[in-house]
Amino acid sequence: MDHGGGEGRVVAARRTLRAGVDKSRALGHALARAGPRLEEIQAALPALEAAVRPIRAPRAELAAAGPHIDRAVGPAAAVLKVFDAVHGLEPPLLAPGTAGDLPGYLAVLAQLEEAHRFLADNCGLAAQWLADIVEYLGDRDLADPRFLADLGVTVDELRTPPAGDLDGGLLAAALGILEAEFRRLLADHSAPLAMPQPGAAAGSAAPSRVPAAAVHKLTLILDRLVANGRQDRCVSAYIDARGGVVSASLRALGLDYLRDPSQDAQALGPALELWGRHLEFLVRRLLESERQLCAKVFGQHKDAASACFAEVAAQARVLEFLRFGRAVADAKKDPIKLQRLLEVFDSLNKLRLDFNRLFGGKVCAEIQSQTRDLVKLLIDGAVEIFEELIVQVELQRHVPPPVDGGVPRLVTFVVEYCNRLLGEQYRPVLGQVLTIHRSWRKEVFNDRMLVDAVLNIVKALEANFDVWSKAYDNATLSYLFMMNTHWHFFRHLKATKLGEVLGDVWLREHEQYKEYYLSMFIRESWGALSPLLNREGLILFSKGRATARDLVKQRLKTFNSSFDEMHCRQSSWVIPDKDLRERTCNLVVQTIVPTYRSYMQNYGPLVEQEGNASKYVRYTVDGLEKMLSALYVPRPRRAGSFQIKHSSGNIASAMTGLHRSASAVK
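Each value, and the rule that gives it
- Residues numbered from 1 in each chain as written.
- Predicted model: local features only at pLDDT ≥ 70, side-chain atom pairs only at ≥ 80, totals over all residues.
- Heavy atoms only, no water.
- Helix = DSSP H or I, 4+ residues; strand = E, 2+ residues; numbered from the N terminus.
- Buried < 20%, exposed > 50% of the residue type's maximum accessible area, 1.4 Å probe, protein only.
- Contact = heavy atoms within 4.5 Å.
- Areas by Shrake-Rupley, 256 points an atom, 1.4 Å probe, with all protein chains shown as cover.
- Polar contact = N/O pair within 3.5 Å; in protein donor to acceptor, adjacent residues only side chain to side chain.
- Core = buried A, V, L, I, M, F, W, Y, C linked by side-chain atoms within 4.5 Å.
- Phe/Tyr/Trp six-rings, centres within 6.5 Å; stacked < 30°, edge-to-face > 60°.
- Lys NZ or Arg CZ within 6 Å of the ring centre and 35° of its normal.
- Salt bridge = Lys/Arg side-chain N within 4 Å of Asp/Glu carboxyl O.
- pLDDT = per-residue confidence, 0-100.
- Axes fitted to C-alpha atoms, helices over the stretch in contact; angles between N-to-C directions.
- Parallel < 35°, antiparallel > 145°, perpendicular 65-115°, else oblique.
- Left-handed = near helix turned anticlockwise from the far one by under 90°.
- Nonpolar A, V, L, I, M, F, W, Y, C, P; charged D, E, K, R; others polar.
- Expected span 1.5 Å × (residues − 1).
- Disulfide = S-S within 2.5 Å.

## Things to note about the overall build of the chain
1) Next: Helix and strand content of the chain: 24 helices and two strands.
2) Next: Looking at the chain as a whole, 42% of its 666 residues qualify as buried.
3) Next: Pairs at least 24 residues apart make up 82% of the contacts formed inside the chain by residues separated by at least 6 positions.
4) Next: Split by element, the accessible area of the chain, about 35,100 Å² in all, is 55% carbon and sulfur.

This is the structure we're talking about:
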């Protein structure tokens, strides 16, 4: 038995066994390391199986599905081509400054809008075709159900995509650029409109303040923005820009007087003159130009243009102007207020057609309503005051006349006032107001009736003269008063509208009355002094010089006393008219001075040589003439109230304007 050979075989077997164990260990380690990778492959197998499943479908079924798949993919491919075209429009639409070439920009935008419309119309259709083919594959089990489910969800999302997702928001961005350009164009032409200076030559047509090229661009932009649902934003931008222009234009006028108007009709004069000029500028130039611009920019979008202009007009403070007119209508009752009411009515009436054109739509209903209410207030108020004038004149009949014999303020005022009413400024307006008012009562009114009404006022005033003259205790002062008043009538009505209506015969009567009362005044006053210096008993006196001297002294003393009394009394009397005053003084001088001069030349020496001569010879001829020539000069009148009775008899200040002098009438 060979022990050495057996041992060798055992060693060899041990080596082999050990090598096998080592290999097993290595293989185990390798398998352990490959485990995760195998798990990944295992996880991917279902997807791979789903991907290759249609390929493993029966050939006949695959052949039948081919035409259906082609029909579904065709529209989808067309949509994908349009998507590619949309991406190609991004550079010309979004690059900075591209909107400066507006026609080119709008042409590119038109391509985008067309693509947008195509996508909006066809994306849903293409998605529906894809959905149909997914359903077809599912019904015939040509693809894995999980794969088809995921594909169905994606297709459903394609059916109703958000509008902005069709082009990735490119159209919205492009419209935003256009809107910014719209605002920029408005801002670049937003200079306020200046009011022409008084007397400057200015046509009635509203100025064009935005160049035609800019208006054309605004219109083009607006059309595109409105077409894409951005009208409200355009209107808002336009109102902000143009409303600011209107506000700035008005701020330059200085309209603070609109806020707190006076209740005194006389004090309202300057503010009302500004109001009329400012309102005409606002309506005929500022708002008319805005209306025209609004119509050009909005073009065919007429409803939007009307609403837009109404908002701009609201910032023009039209209602505030109307409230000022209402304040005039609510002012204290006063004859001057009649003129103020006519001025407001005239301003509104001249702008009537402009108001109808600018504010005729429904959106300007409040302006229309307040304008109608104001016009009615003006007409009613003016007619009420006009019809009451004659009553007020008659109520003054029993008011005491001036104590100085001057012309009553009522006479001065009414003459000037009636002249103004028949003048070019007020006569046609008053006639129109009265005509409208009578038409409301289904009555007729004409210009002759207006003239007759004014004449009745003058005649009522004329009837006051006799009543006033009889109120004087002194007949001489009564003559002076009548002389002054009749002469005032003649002087201030001659060559006037009212004088023409009254006629030359009527005027000459007043001139003749003046002459009559002047002669009566001279005769009954100063004419009574000259006989005091008579020569009776002096020419034939022969009993001696001393007796003659005594007689001269007595007559001079009597003359001096009478002269002093008359001069003192008449020093407070007045003759307002300078020419009449000078003539009257000359007549007084002619009545007194020649007689006094002759008397003193003939008989003065009898008393001038005595020590007490100044007791009898108190005046020199020149001194006497100067005293008489200085009579009847009016003194400044202290401003005072002259209250007027209402027809009810109660004293009130409602018509105190009758006391104002003609110089105060404006």
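## Quick look at the side chain of Thr584
1) Next: Of note, Thr584 is situated in helix α22 (residues 578–603).
2) Next: Here Thr584 falls in the buried class, since its relative accessible area comes to 0%.
3) Next: At 2.7 Å, the side chain of Thr584 and the backbone oxygen of Leu580 are in polar contact.

## A few points about the nonpolar core
1) Next: If you look at the biggest cluster of nonpolar residues, it comprises 160 residues, and the most contacted ones within it are Phe182, Trp275, Phe298, Phe359, Phe386, Trp526 and Leu628.
2) Next: Considering each element in turn, this core owes the most residues, 14 residues, to helix α9 (residues 268–298).

## Description of the packing of aromatic side chains
1) Next: For the structure shown, the criterion picks out 21 aromatic pairs.
2) Next: Between the aromatic rings of Phe465 and Phe489, the centroid separation amounts to 5.1 Å while the plane-to-plane angle is 75 degrees, which identifies the pairing as edge-to-face. Separated by 24 residues along the polypeptide, Phe465 in helix α17 (residues 447–469) and Phe489 in helix α18 (residues 475–493) bring together distant segments of the chain.
3) Next: Measuring from centroid to centroid gives 6.4 Å for Phe521 and Trp573, while their planes differ by 50 degrees, and the two rings are tilted. With Phe521 in helix α20 (residues 504–524) and Trp573 in the loop between α21 (545–570) and α22, the pair connects residues that are 52 residues apart, well separated along the chain. There is no split in this pair, since Phe521 and Trp573 are both buried.
4) Next: A network of ring pairs unites the aromatic residues Phe465, Trp468, Tyr472, Phe481, Phe489 and Trp506 as a single cluster.
5) Next: Above the plane of the ring of Trp487 lies Lys514, whose end atom (NZ or CZ) is 4.2 Å from the centre.

## Some words on the environment of Leu225
1) Next: Here Leu225 shows up in helix α7 (residues 212–227).
2) Next: Along the sequence, Leu225 and Glu179 sit 46 residues apart, while their C-alpha atoms lie 7.4 Å from each other.
3) Next: Discounting residues that sit within four places of it in the chain, Leu225 has contacts with Leu175, Leu178, Glu179, Arg230, Gln231 and Cys234.

## Observations concerning the pattern of salt bridges
Pairing of side chains with opposite charge becomes possible as their charged atoms draw close.
1) Next: Inspection of every chain in the model, using the stated rule, returns 31 salt bridges.
2) Next: The shortest N-O distance in the salt bridge between Glu288 and Arg357 comes to 3.2 Å. Of this pair, Glu288 sits in helix α9 while Arg357 sits in helix α13 (residues 352–359), placing them 69 residues apart in sequence.
3) Next: Exposure remark for Glu288: the relative accessible area of 6% places this residue in the buried category.
4) Next: For Arg357, a relative accessible area of 40% puts it in the partly exposed group.
5) Next: Here Arg491 ties to Asp577 by a salt bridge, and the two come within 3.3 Å at their closest N and O atoms.

## Looking at the confidence of the model for the chain
1) Next: Averaged over every residue, the pLDDT of the chain is 80; residues scoring 70 or more account for 69%.
2) Next: Within the chain, strand β2 (residues 651–652) has the poorest average pLDDT of any element, 32, and α18 the best, 96.
3) Next: When the criterion is pLDDT under 50, residues 639–666 qualifies, and its contacts beyond four places in sequence or with other chains add up to 71 contacts.

## Here's the deal with the environment of Lys333
1) Next: The topology assignment puts Lys333 in the loop between α11 (318–329) and α12 (335–350).
2) Next: With 70 residues separating them along the chain, Lys333 and Gln263 place their C-alpha atoms 9.4 Å apart.
3) Next: Within the structure, Lys333 has its side chain in polar contact with the side chain of Glu384 (distance 3.0 Å).

## Thoughts on the packing of α22 against helix α24 (residues 621–629)
1) Next: Running from N to C, α22 and α24 cross one another at 160 degrees; their axes reach a closest spacing of 9 Å. Classified by the angle between their axes, α22 and α24 sit roughly antiparallel to one another. Here α22 and α24 pass one another in a crossing that is right-handed. In this structure, α22 contributes Cys585, Val588, Val589, Ile592, Val593, Tyr596 and Arg597 to the contact, and α24 contributes Val621, Leu624, Glu625, Leu628 and Ser629.
2) Next: Class assignment for the residues of the contact of α22 with α24 results in nine nonpolar, one polar and two charged.

## Some words on the packing of α11 against helix α14 (residues 365–395)
1) Next: Running from amino to carboxyl end, α11 crosses α14 at an angle of 15 degrees, the nearest separation of the two axes being 10 Å. With respect to α14, the axis of α11 lies roughly parallel. Here the hand of the crossing between α11 and α14 comes out left-handed. Residues Val318, Leu319, Leu322, Arg323, Gly325, Arg326 and Ala329 of α11 lie in contact with α14, whose contacting residues are Glu366, Ile367, Gln370, Thr371, Leu374, Leu377 and Leu378.

## Quick look at α7
1) Next: The end-to-end C-alpha distance of α7, which contains 16 residues, comes to 22 Å, matching closely the 22 Å that a straight helix rising 1.5 Å per residue would cover.
2) Next: Two residues or fewer past α7, Gly229 is found with a positive phi of approximately 80 degrees.

## Things to note about the side chain of Ser347
1) Next: Mapped onto the secondary structure, Ser347 falls in helix α12.
2) Next: Not counting residues within four places of it along the chain, the set of residues in contact with Ser347 comprises Trp275 and Gly276.

## Regarding the state of the cysteines
1) Next: Inspection of every chain in the model, using the stated rule, returns zero disulfides.
2) Next: The thiol of Cys308 is not disulfide-bonded; the next cysteine sulfur, from Cys294, is found 4.2 Å away.

## Some remarks on the environment of Pro408
1) Next: Note on placement: Pro408 falls in the loop between α14 and α15 (409–421).
2) Next: Assessed through its relative accessible area of 6%, Pro408 is described here as buried.
3) Next: A sequence separation of 60 residues divides Pro408 from Trp468, and the C-alpha atoms of the two residues are 9.6 Å apart.
4) Next: Apart from the residues lying within four places of it in its own chain, the contact partners of Pro408 are Pro402, Trp468, Phe481 and Thr485.

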